[in-house]
Amino acid sequence: MIYTITLNPTIDRLLFLEGTLTKGKNNRLRKVTYDIGGKGHHGSNAMNQLGVKNQALGFSGTTNAGKLENILLDKGIDYDFVEVYGKATRESYVILEEGIGGSILITEKGFTVTDYDIELLYEKVEKKVQKEDMVLIAGSTPPGFDLNDLEELLERLKRIGCFIACDLSGEALKKAVEVGVDFIKPNRFEVQELVPSDDNFLDHIKELSEKVDYLIVSLGKDGSICSHAGEVYEVSTPPVELVNDTGAGDCFVGTFLGSLSLNQPLTECLSLASACAADHVQYNDSTTFDINNARELQKVVTVKKIS
Ligand code: ATP
Ligand code: MG
Ligand code: MG
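Fair warning: this is a prediction, and the values are worked out from it, not measured in the lab. (Residues numbered from 1 in each chain as written. Chains lettered and ligands numbered in written order. Predicted model: local features only at pLDDT ≥ 70, side-chain atom pairs only at ≥ 80, totals over all residues. Heavy atoms only, no water.)

1. A closer look at the overall build of the protein
Phase 1 of the analysis: In terms of helices and strands, the protein carries nine helices and 14 strands.
Phase 2 of the analysis: The C-alpha radius of gyration computed for the protein amounts to 19 Å, which stays within 12% of the reference 19 Å derived for 307 residues, consistent with globular compactness.
Phase 3 of the analysis: The principal-axis extent of the C-alpha atoms belonging to the protein is close to 55 × 45 × 35 Å.
Phase 4 of the analysis: On the protein, roughly 13,800 Å² of surface is accessible, and the fraction owed to carbon and sulfur atoms is 47%.
Phase 5 of the analysis: Taking the 31 positively charged and 47 negatively charged side chains of the protein as two groups, their mean positions are separated by 3 Å. (Helix = DSSP H or I, 4+ residues; strand = E, 2+ residues; numbered from the N terminus. Rg over C-alpha atoms; globule rule 2.2 N^0.38 Å. Areas by Shrake-Rupley, 256 points an atom, 1.4 Å probe, with all protein chains shown as cover. Lys, Arg positive; Asp, Glu negative; His and termini not counted. Charge placed at Lys NZ, Arg CZ, Asp CG, Glu CD.)

2. A closer look at the site of ligand 1
Phase 1 of the analysis: In the vicinity of ligand 1 there are 23 residues, among which Lys39, Asn187, Ser218, Gly220 and Gly249 approach most closely.
Phase 2 of the analysis: A distance of 2.9 Å separates an oxygen atom of ligand 1 from a polar side-chain atom of asparagine 187.
Phase 3 of the analysis: Here an oxygen atom of ligand 1 sits 3.0 Å away from a polar atom, N or O, in the main chain of glycine 247.
Phase 4 of the analysis: Relative to its unbound accessible surface of 630 Å², ligand 1 loses 89% to contact with the protein.
Phase 5 of the analysis: Of all the secondary-structure elements, those providing two or more residues to the shell around ligand 1 are α7 (248-261) and α8 (266-280). (Near = heavy atom within 4 Å. Polar contact = N/O pair within 3.5 Å; in protein donor to acceptor, adjacent residues only side chain to side chain.)

3. Quick notes on the UniProt feature "domain: Carbohydrate kinase PfkB" (unreviewed entry) in the protein
Phase 1 of the analysis: Residues given the UniProt feature "domain: Carbohydrate kinase PfkB" (unreviewed entry) here are residues 18-287.
Phase 2 of the analysis: Helix makes up 36% of residues 18-287 and strand 21%, whereas the separation of the span's terminal C-alpha atoms amounts to 23 Å. (UniProt positions renumbered as here; feature names shortened; annotations may be inferred.)

4. Thoughts on helix α3 (residues 115-128)
Phase 1 of the analysis: Spanning 14 residues, α3 covers 20 Å between terminal C-alpha atoms, matching the ideal 20 Å at 1.5 Å per step.
Phase 2 of the analysis: By the burial criterion, the buried members of α3 are Asp117, Ile118, Leu121, Tyr122, Lys124 and Val125. Projection of α3 onto a plane perpendicular to its axis shows the buried side chains occupying an angular sector of 165 degrees, all on one side. Summarising the geometry of α3, the exposed residues directed more than 90 degrees from the buried face are Asp115, Tyr116 and Lys127.
Phase 3 of the analysis: The elements touched by buried residues of α3 are β1 (2-6), β4 (54-61), β5 (82-84) and α4 (147-160). (Expected span 1.5 Å × (residues − 1). Buried < 20%, exposed > 50% of the residue type's maximum accessible area, 1.4 Å probe, protein only. Arc of directions from axis to C-beta. Contact = heavy atoms within 4.5 Å.)

5. Concerning the layout of surface pockets
Phase 1 of the analysis: Of the pockets and cavities examined, the largest pocket occupies roughly 880 Å³.
Phase 2 of the analysis: What lines the largest pocket is a set of 34 residues, among which Ser218, Gly220, Asp245, Ala248 and Gly249 lie closest to the centre.
Phase 3 of the analysis: Among the elements of the structure, α7 and α8 are those that each provide at least two residues to the lining of the largest pocket.
Phase 4 of the analysis: Here the lining of the largest pocket gets four residues from one element, more than from any other, and that element is α7.
Phase 5 of the analysis: For the lining of the largest pocket, the per-class residue count stands at 12 nonpolar, 14 polar and eight charged.
Phase 6 of the analysis: One number sums up the size of the second largest pocket: a volume of about 480 Å³. (1 Å grid on protein atoms, 1.4 Å probe; cavity = no way out; pocket = protein on both sides within 12 Å on 5 of 7 lines; lining within 4 Å. Points joined across faces, edges and corners; volume = space filled by probe spheres on them. Nonpolar A, V, L, I, M, F, W, Y, C, P; charged D, E, K, R; others polar.)

6. Considerations on the environment of serine 271
Phase 1 of the analysis: By secondary structure assignment, the location of serine 271 is in helix α8.
Phase 2 of the analysis: Among the residues examined, serine 271 registers a relative accessible area of 8% and is labelled buried.
Phase 3 of the analysis: With 253 residues separating them in the primary sequence, serine 271 and glutamate 18 have C-alpha atoms 38 Å apart.
Phase 4 of the analysis: Not counting residues up to four positions away in its chain, the partners in contact with serine 271 are Gln298, Val301 and Val303.
Phase 5 of the analysis: Looking at serine 271, its side chain comes within polar contact range of the side chain of glutamine 298, at 3.0 Å.

7. A few points about a nonpolar patch on the surface
Phase 1 of the analysis: Judged by side-chain polarity, Leu21, Ile104 and Ile106 come together as a nonpolar surface patch covering roughly 230 Å² of accessible area.
Phase 2 of the analysis: Looking at where isoleucine 106 falls in the secondary structure, it is placed in strand β7 (residues 104-107). (Patch = residues over 30% accessible without salt bridge, like charges linked within 9 Å, V, L, I, M, F, W, Y side chains within 5 Å. Salt bridge = Lys/Arg side-chain N within 4 Å of Asp/Glu carboxyl O.)

8. As for empty space enclosed by the protein
Phase 1 of the analysis: Within this structure, the stated rule accounts for one cavity of 30 Å³ or more.
Phase 2 of the analysis: Estimates place the volume of the largest cavity at around 30 Å³.
Phase 3 of the analysis: If you trace the largest cavity, you find it lined by His42, Asn45, Ala46, Cys251, Ser286, Thr287 and Phe289.
Phase 4 of the analysis: When its residues are assigned to classes, the lining of the largest cavity shows three nonpolar, four polar and no charged.

9. Quick look at the packing of α8 against helix α9 (residues 291-298)
Phase 1 of the analysis: For the pair α8 and α9, the least separation of the axes is 8 Å and the interaxial angle reads 120 degrees. Between α8 and α9, the crossing angle belongs to the class labelled oblique. As for how α8 packs across α9, the hand of that crossing is right-handed. On α9, the residues touching Glu268, Ser271, Leu272, Ala275, Cys276, Ala278 and Asp279 of α8 are Ile291, Asn293, Ala294, Arg295, Leu297 and Gln298.
Phase 2 of the analysis: Among the residues making up the contact of α8 with α9, the classes are represented as seven nonpolar, three polar and three charged. (Axes fitted to C-alpha atoms, helices over the stretch in contact; angles between N-to-C directions. Parallel < 35°, antiparallel > 145°, perpendicular 65-115°, else oblique. Left-handed = near helix turned anticlockwise from the far one by under 90°.)

10. Considering the pairing of strand β13 (residues 231-235)
Phase 1 of the analysis: Relative to β13, strand β12 (residues 224-228) is paired through five bridges, and the arrangement is antiparallel. Within β13, the position partnered with cysteine 226 by the bridge is tyrosine 233.
Phase 2 of the analysis: Where β12 folds back on β13, the antiparallel hairpin that results is connected by two residues, among which alanine 229 adopts a positive phi of roughly 50 degrees. (Pairing = 2+ DSSP bridges.)

Structure below.
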């Protein structure tokens, strides 16, 4: 079983503008749609596309619970949240201008969780997770959930002995490496928190990989570098037309872990993840990809051992 943990979930409200965003003018919307936000939820969605059973855990606010649940149900995502009474799950506003690629993202901070809420999460996790399971902790942490709380969560998971994957950034990412997790996937900016970006980048990666079993650095359209079991691999991307790369990393992480859980060889996990993430950037939301298209794209992805 795979569990994803989204500590600071969000509901993405996609605002499709008529024309471009202009100050001093009434900017009209063509349409508004909703999508799941939250990196763990994105991971769950990607695993679902591979047919890999998983459940989304984390916090959710009660005052707009129906909104989040409808989106998750619509995507077929199984969930079991710690409900935080009287609070609303935050919304993120994704502004999409007509005829222009990319998006403008505006996010709320999220509600504050109390020590009591955090304890309930620990209890839920400890009740569910078994040694043979995989847990993905992804995304930002909410106000009230500090580094000590993250450390405690990681320590409890370590005591269970499950596979721990983290898609975190900044101090949280550093903490995950310090505690010792099995998988991280920083992007090219996030990795700068862990290693200097000088000419010896690969040496630094090798050094870091002694602490993390599966270390993947994603480099957007330039692919990714993976270090595992003393080997370093360079993974290419298939050529695609970029529409919106938000969630590319989440798609990569979800499909990589999903295929790893199916005991696929590492090179297969890497090439499939690269293909799924590339297929995803052709859509304007943060979750969609087509697994059949991805299997076609996978044919041109190369995974090369570079040391
Ligand atoms: P996220 O928004 O999910 O946090 P990220 O910044 O963590 O994304 P990226 O490094 O941007 O992750 O992308 C992850 C992977 O997605 C890349 O390693 C690559 O395989 C694929 N990818 C991203 N952008 C492109 C692109 N323009 N063309 C093809 N593949 C891409
Ligand atoms: Mg990126
Ligand atoms: Mg990312």
